[in-house]
Amino acid sequence: MSKVKTSFYCQSCGAQSPKWIGKCPSCGTWNSYVEEIVSTAVQPNEWKSAEKKKGEKANKAQLIGDINPDNSPRIVLPDQELNRVLGGGLVPGSLVLLGGEPGIGKSTLLLQLAVQLKGQRVLYISGEESEQQIRLQVEQVEPGLLIIDSIQTLYSSSYESAPGTVTQIRGCAGELLRFAKETSTPVILVGHITKDGNIAGPKVLEHMVDTVLQFEGDRHYIYRILRSVKNRFGSTAELGIYEMQGTGLKEVPNPSQVLLSQRDLTLSGTAVACTMEGLRPFLIETQALVSTAVYGTPQRSATGVDLRRLNMLLAVLEKRCGFRLAAKDVFLNIAGGIRVEDPATDLAVISAILSSAEDIPVDAHTCFAGEVGLTGEIRPVNRIDQRIREAARLGFNTIYISRYNLQDEIIKAEKEINVVKVSKVEEVFQGLFG
Ligand SMILES: [Zn+2]
């Protein structure tokens with residue numbers, strides 16, 4: 001008689017250990033190991049009937065010159081933001097993971113997609129289902145798109161662990177991957193994560209799936225952002241923006257206008273940055289509040305931008321502009337609950353800080369696009385022509401950029417808007433308030 005074989009798995013990253021460990025050596029999470037039964041006796045069932053109907057895809061070797069990356073047909077979705085993030089539509093036979101905090105709107109997004117998608121049968125499976133039930137449904141419906149909401153609730157009898165454990169998630173995802181590849185049916189999996197990303201699922205699945213989409217945003221704000229974290233079939237730089245309304249999620253095709261619409265133009269401490277997310281330029285408002293520190297240690301807080309970046313910019317302002325910010329609390333916020341990573345936001349951030357510190361408003365029709373270096377130099381940013389054009393289109397009459405941006409990129413745009421070229425943070429201060 002053989003003993004039941006068990007192993008311990010980190011529920012956060014999927015690392016395996018023969019004995020229980022308090023702290024995961026691979027991801028550093030405490031108390032994340034759970035004992036799961038490892039079974040090799042039962043082989044996972046194959047998707048035999050589905051295979052027969054659609055025919056197995058032959059994987060034969062091809063000359064690299066014969067492979068045309070553009071000829072992979074895509075299912076163009078009715079949701080333009082989703083198309084953009086996926087890189088032009090859904091690739092048949094791809095396995096897509098949509099991750100995000102509970103309640104952020106993942107199911108809403110996919111249900112809307114299922115309802116709007118014309119000419120394709122969509123099988124939407126939600127709640128706890130066993131793999132046998134799903135197979136039965138797939139055989140009956142023969143869907144053009146399969147959506148599983150969520151991967152944490154699936155279970156397969158091939159694995160003896162409880163639903164939601166690493167073994168189950170990995171096993172079920174593996175079977176769905178096989179199904180997707182063998183039948184050329186795209187499969188979208190929903191995966192829940194908590195705020196610190198600690199619940200099993202998305203993390204262990206990331207390297208199994210073709211595309212990982214992250215749905216993020218603050219539940220208290222109406223904007224949601226769809227990012228691609230991994231994409232075998234496209235760029236990961238693209239971004240989709242949605243507005244959560246009472247009737248569902250609405251695409252935001254023109255984010256600049258929406259994000260700038262509720263500005264009070266007479267207040268100090270705000271500056272508009274022209275950022276790029278993917279291939280799309282858009283303008284966002286940065287807000288800073290500089291006040292005398294109440295406690296001995298001044299507070300520094302940043303929402304929507306990296307706090308370390310804010311600290312670095314404050315150090316530059318202190319050193320290069322002689323601003324005594326050491327005894328000041330500094331709060332920074334990106335309006336609309338949006339998170340930006342584009343370094344071109346730097347120039348707007350320091351302008352907002354200076355504006356708040358001096359209590360002088362920045363001109364409402366001025367915006368900024370430049371990176372700030374450690375020596376206080378204003379560094380050039382990419383796609384400056386597109387940024388300038390977007391600013392001009394939205395009615396801005398002045399834009400601050402780096403002096404080191406290539407001249408021929410700017411010439412054409414210069415007719416539409418006043419371009420101020422700066423090379424040091426001191427010049428920004430002079431230009432704005434001097
Ligand atoms: Zn771990």
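Because the structure is predicted, anything quoted here is derived from the model rather than measured.

## Considerations on the nonpolar core
Consideration 1: Membership of the largest hydrophobic core comes to 42 residues, with the highest contact counts inside it found for Leu347, Ile353 and Val372.
Consideration 2: The set of elements that each furnish at least two residues to this core consists of strand 11 (223–231), strand 12 (239–245), strand 14 (270–277), strand 15 (280–292), helix 8 (307–321), strand 17 (328–334), helix 9 (346–358) and helix 12 (425–433).
Consideration 3: Per-element accounting of this core gives the leading share, 7 residues, to helix 9.
Consideration 4: Leaving out residues up to four positions away in the same chain, Leu347 has contacts with Phe368, Ala369, Gly370, Val372, Ile378, Tyr400 and Val428.
Consideration 5: By size, the runner-up hydrophobic cluster in this structure holds 25 residues, among which are Ile151, Leu154, Ala180 and Leu205.

## With respect to the pattern of salt bridges
Oppositely charged side chains can form a pair if their charged atoms are brought close together.
Consideration 1: If you walk through the whole model with that rule in mind, you get 15 salt bridges.
Consideration 2: A salt bridge links Asp306 to Arg308; the shortest N-O distance between them is 3.5 Å.
Consideration 3: Owing to a relative accessible area of 32%, Asp306 belongs among the partly exposed residues under this scheme.
Consideration 4: In this structure, Arg387 and Asp342 form a salt bridge, with 2.9 Å as the shortest nitrogen-oxygen distance. Of this pair, Arg387 sits in helix 10 (residues 384–393) while Asp342 is found in the loop between strand 17 and helix 9, placing the two residues 45 residues apart along the sequence.
Consideration 5: Take Arg387: its relative accessible area is 0%, and that puts it in the buried class.
Consideration 6: In the salt-bridge network here, residues are joined through shared partners; they are Glu81, Arg84 and Arg280.

## Some details on the packing of helix 9 against helix 12
Consideration 1: At their nearest, the axes of helix 9 and helix 12 sit 11 Å apart, and the two run at 55° to each other. In terms of orientation, helix 9 lies oblique with respect to helix 12. For helix 9 against helix 12, the interelement crossing comes out right-handed. Note on element contacts: helix 12 touches helix 9 through Val425, Val428, Phe429, Leu432 and Phe433, opposite Leu347, Ile350, Ser351, Leu354, Ser355 and Glu358.

## What to know about the pairing of strand 1 (residues 6–10)
On any regular strand, side chains alternate: one points to one face of the sheet, the next to the other face.
Consideration 1: Of all 5 residues that make up strand 1, 4 are buried, and the element is covered over most of its length.
Consideration 2: When strand 1 meets strand 2 (residues 16–17), the two strands line up antiparallel, connected through 2 bridges. Paired with Phe8 across the strands is Ser17, a residue of strand 2.
Consideration 3: Hairpin connection between strand 1 and strand 2: a loop of 5 residues separates the two successive antiparallel strands, and Gly14 in this loop has a positive phi of roughly 90°.

## Structural notes on the sheet that holds strand 3 (residues 33–37)
Consideration 1: Spatially, the 3 strands line up as an open sheet ordered 2-1-3, and their pairing is antiparallel. Edge positions in the open sheet fall to strand 2 and strand 3, since each of these has one partner strand only.
Consideration 2: Where strand 1 meets strand 3, 5 bridges bridge the pair, whose relative direction is antiparallel. By the bridge assignment for strand 3, Phe8 is matched with Glu35.
Consideration 3: Each of strand 1 and strand 3 is contacted by helix 5 (residues 166–183), which is oriented at about 85° to strand 1, the strand it contacts most.

## Some details on the side chain of Glu285
Consideration 1: Relative to the helices and strands, Glu285 is located in strand 15.
Consideration 2: A distance of 3.3 Å separates a polar atom in the side chain of Glu285 from a polar atom in the side chain of Gln287.
Consideration 3: For Glu285, the contacting residues outside a window of four places in its chain are Leu260, Arg263, Thr270, Ala271, Val272, Asn333, Ile334 and Ala335.

## Re the environment of Val330
Consideration 1: By the secondary structure assignment, Val330 is in strand 17.
Consideration 2: Val330 sits in the buried class, given a relative accessible area of 0%.
Consideration 3: C-alpha of Val330 to C-alpha of Leu310: the two residues are 20 residues apart in sequence and 9.1 Å apart in space.
Consideration 4: With sequence-adjacent residues up to four places away left out, Val330 is seen in contact with Leu289, Val290, Gln299, Arg300, Ser301, Leu310, Leu314 and Ile353.

## With respect to the side chain of Arg280
Consideration 1: As for its placement among the helices and strands, Arg280 is situated in strand 15.
Consideration 2: For Arg280, the side chain forms a polar contact with the side chain of Glu81, separated by 3.3 Å.
Consideration 3: A polar contact is formed between the side chain of Arg280 and the backbone oxygen of Leu239, at a distance of 2.8 Å.
Consideration 4: Look past the residues within four positions of Arg280 in its chain and what remains in contact with it is Glu81, Arg84, Leu239, Gly240, Ile241, Val252, Pro253, Pro255 and Thr275.

## What about helix 10?
Consideration 1: Among the residues making up helix 10, those that are buried are Ile384, Arg387, Ile388, Glu390, Ala391 and Ala392.
Consideration 2: In the segment just after helix 10, Gly395 is the residue with positive phi, at about 90°.

## Regarding unusual backbone geometry
Consideration 1: Look at the link from Asp149 to Ser150: it is a cis peptide, with omega at 5°.
Consideration 2: Checked against the element boundaries, Ser150 lands in the loop between strand 7 (145–149) and strand 8 (154–155).

The rules behind the values
- Residues numbered from 1 in each chain as written.
- Predicted model: local features only at pLDDT ≥ 70, side-chain atom pairs only at ≥ 80, totals over all residues.
- Heavy atoms only, no water.
- Core = buried A, V, L, I, M, F, W, Y, C linked by side-chain atoms within 4.5 Å.
- Buried < 20%, exposed > 50% of the residue type's maximum accessible area, 1.4 Å probe, protein only.
- Helix = DSSP H or I, 4+ residues; strand = E, 2+ residues; numbered from the N terminus.
- Contact = heavy atoms within 4.5 Å.
- Salt bridge = Lys/Arg side-chain N within 4 Å of Asp/Glu carboxyl O.
- Axes fitted to C-alpha atoms, helices over the stretch in contact; angles between N-to-C directions.
- Parallel < 35°, antiparallel > 145°, perpendicular 65-115°, else oblique.
- Left-handed = near helix turned anticlockwise from the far one by under 90°.
- Pairing = 2+ DSSP bridges.
- Polar contact = N/O pair within 3.5 Å; in protein donor to acceptor, adjacent residues only side chain to side chain.

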